[in-house]
Amino acid sequence: MPVSSTDLIHHNYVPPAGFAAPQPGVFKASTVYFPNVAAMRQFEWKDKSAYTYGLHGTPTSYTLEERLCTLEGGKQCLLVPSGLAAIATVALALLRSGDEVLIPDNAYGPNKALAEGELSHWGITHRFYNPLHPQDLAAKITPQTRLVWLEAAGSVTLEFPDLLEQVRICKAAGVICALDNTWGAGLAFAPFDLQPGSKTPLAVDISVHALTKYPNGGGDVLMGSIVTQDDALHMRLKLCHMRLGLGVAANDVESVLRGLPSLKLRYTAHDEAARALAQWCLTRPEFAQVLHPALANSPGHRHWQVLCQGGPGTAAGLFSVIFKPDYTQAQVDAFCDGLKLFEIGYSWGGPVSLVMPYQLVSMRTHWPEHLARGTLVRFSIGLESVEDLRADLAAALRLLA
Ligand SMILES: *Cc1c(COP(=O)(O)O)cnc(C)c1O
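Residues numbered from 1 in each chain as written. Predicted model: local features only at pLDDT ≥ 70, side-chain atom pairs only at ≥ 80, totals over all residues. Heavy atoms only, no water.

Focus on the sheet that holds strand 12 (residues 376-380)
Reasoning step 1: Pairing is mixed across the open sheet formed by five strands, whose spatial order is 8-9-12-11-10. At either margin of the open sheet sits one strand with a lone partner, and together these are strand 8 (287-291) and strand 10 (343-344).
Reasoning step 2: Relative to strand 11 (residues 354-358), strand 10 is paired through two bridges, and the arrangement is parallel. Residue pairing in the sheet places I344 in a bridge with V355 of strand 11. (Pairing = 2+ DSSP bridges. Helix = DSSP H or I, 4+ residues; strand = E, 2+ residues; numbered from the N terminus.)

See below:
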């Protein structure tokens, strides 16, 4: 008689407990069994004391959440399907019609697009503030302001803000501040301990992180996290997250868990290579400006020095150049096309170096006074040899001659 499907499903083999290996197991579930009805009625997923449904957490997702709390120095963590979903979840959880959100003018573009799109359709207003002038942030906070976004360094143009002063301003006004901490990755500075050793601890309220970038590190997973330190704030975010039905796939969680042990090593390697190449770009006549917070003339360098201490300081593997205005867009495009090792692509944090030209005029309310005029190109430095990358840049620059 062929085996019955019931015997295949209700099989009695149980593997021995206590299987131990460096990498945690990958648990996948939509359904999670309860031992009995009483347990089903009593199990509570909100405090991670039990499992109730795949969307509410598995041993695999709880493990990654705990490790990200350790990485960022927070207490609670939520996982979402992308870095942008982390930004959107914070906005949806904390803002309602009539509220206002403040966003730095150099913020990650899609954060601004969310404010200009859905948030404004729902009666939530926004204003963009100057990331280099804390007084501008202070002046823009009104009784309607419910959320302030912070980003250090800013996307694409990499200005480094006076984050300490920005957080002080938000605290004084009693407004929740959320940091997009993708650039810092939990390594360049501690978002929940911005003044280590000081008698007056200073912390952001929320740190969101595109795990897509350095924590995963392979350019092959999209995921985001929302880390907090306050139980009540976390619960507001968690209930919204649950109602929206945001979940992450166990294989993707596994991938990020595999990436975390080498995160610091990789971040340091990206940092050193990016700095060497940014320094080299400073010597090149084609560029009007090189933007990297560790360079003395880069906007906000002083603030980077204060916040990202430790040895020579710490930075992500990103920098941008602004070509002198005599170079046309077509020439700059040809330079990007001429690179052989740098691929043209969005995102960063993987092993392959990337290049992307940006149209700054369409990204900012006005051309920032601290930026030279010209076409901007951003580099994300991967893990290739620095000499090879430098030679690639030099060869592509020769095409401009
Ligand atoms: C990439 C990025 C995000 C969004 O991450 P995705 O996973 O691509 O949605 C958010 N903020 C910053 C600063 C980023 O660089």
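Still more ground to cover, so stick around.
Considering the sheet that holds strand 6 (residues 206-210)
Reasoning step 1: In space, the seven strands of this open sheet follow the order 1-7-6-5-4-2-3, with mixed pairing throughout. Strands with a single pairing partner mark the edges of an open sheet, and in this sheet they are strand 1 (76-80) and strand 3 (125-129). Sheet twist, expressed as the average angle between the axes of neighbouring strands with direction ignored, equals 20°.
Reasoning step 2: In this structure, strand 6 lies alongside strand 7 (residues 224-228), joined through five bridges in antiparallel fashion. By the bridge assignment, V208 is partnered in strand 7 with I226.
Reasoning step 3: Where helix 3 (residues 59-72) meets the sheet, its contacts fall on strand 1, strand 6 and strand 7, and the angle it forms with strand 1 comes to roughly 120°.
Reasoning step 4: Contacts from helix 5 (residues 109-121) reach strand 2 (100-104), strand 3 and strand 4 (145-151), with the element oriented near 155° to strand 2. (Axes fitted to C-alpha atoms, helices over the stretch in contact; angles between N-to-C directions. Contact = heavy atoms within 4.5 Å.)

Topic: helix 7 (residues 163-173)
Reasoning step 1: For helix 7, every residue scored as buried is listed here: L163, L164, Q166, V167, I169 and C170.
Reasoning step 2: On the buried face of helix 7, the contacting elements are strand 3, helix 6 (134-140), strand 4, strand 5 (176-180) and helix 11 (301-307).
Reasoning step 3: Looking one or two places after helix 7, you find G174, whose phi comes out positive at around 70°. (Buried < 20%, exposed > 50% of the residue type's maximum accessible area, 1.4 Å probe, protein only.)

A short note on the packing of helix 4 (residues 83-94) against helix 8 (residues 231-244)
Reasoning step 1: At a minimum axis distance of 9 Å, the contact between helix 4 and helix 8 shows a crossing angle of 105°. Here helix 4 is positioned roughly perpendicular relative to helix 8, judged by the angle of their axes. Together, T89, V90, L92, A93 and L94 of helix 4 and L233, R236, L237, C240, H241 and L244 of helix 8 make up the contact between the two elements.
Reasoning step 2: Looking at side-chain class alone, the contact of helix 4 with helix 8 contains eight nonpolar, two polar and one charged residues. (Parallel < 35°, antiparallel > 145°, perpendicular 65-115°, else oblique. Nonpolar A, V, L, I, M, F, W, Y, C, P; charged D, E, K, R; others polar.)

A few points about the packing of aromatic side chains
Reasoning step 1: Throughout the structure, instances matching the rule amount to eleven aromatic pairs.
Reasoning step 2: When the centroid spacing of 4.9 Å and the interplanar angle of 75° are considered together, the rings of F287 and F323 count as edge-to-face. Within this pair, whereas F287 is found in strand 8, its partner F323 is found in strand 9 (residues 318-323), the two being separated by 36 residues in sequence.
Reasoning step 3: Under the relative-accessibility criterion, F287 is labelled buried at 8%.
Reasoning step 4: On the numbers, 5.9 Å between centres and 75° between planes, the contact of F323 with Y327 is edge-to-face.
Reasoning step 5: Relative accessible area serves as the criterion here: at 0%, F323 is assigned to the buried category.
Reasoning step 6: Through a chain of ring-to-ring contacts, the aromatic side chains of F287, F319, F323, Y327, F335, F342 and F379 assemble into a single cluster.
Reasoning step 7: The ring of Y62 carries K48 above its face, with NZ or CZ at 5.2 Å from the centroid.
Reasoning step 8: The ring of F128 has K112 lying over it, and the distance from NZ or CZ to the ring centre is 4.7 Å. (Phe/Tyr/Trp six-rings, centres within 6.5 Å; stacked < 30°, edge-to-face > 60°. Lys NZ or Arg CZ within 6 Å of the ring centre and 35° of its normal.)

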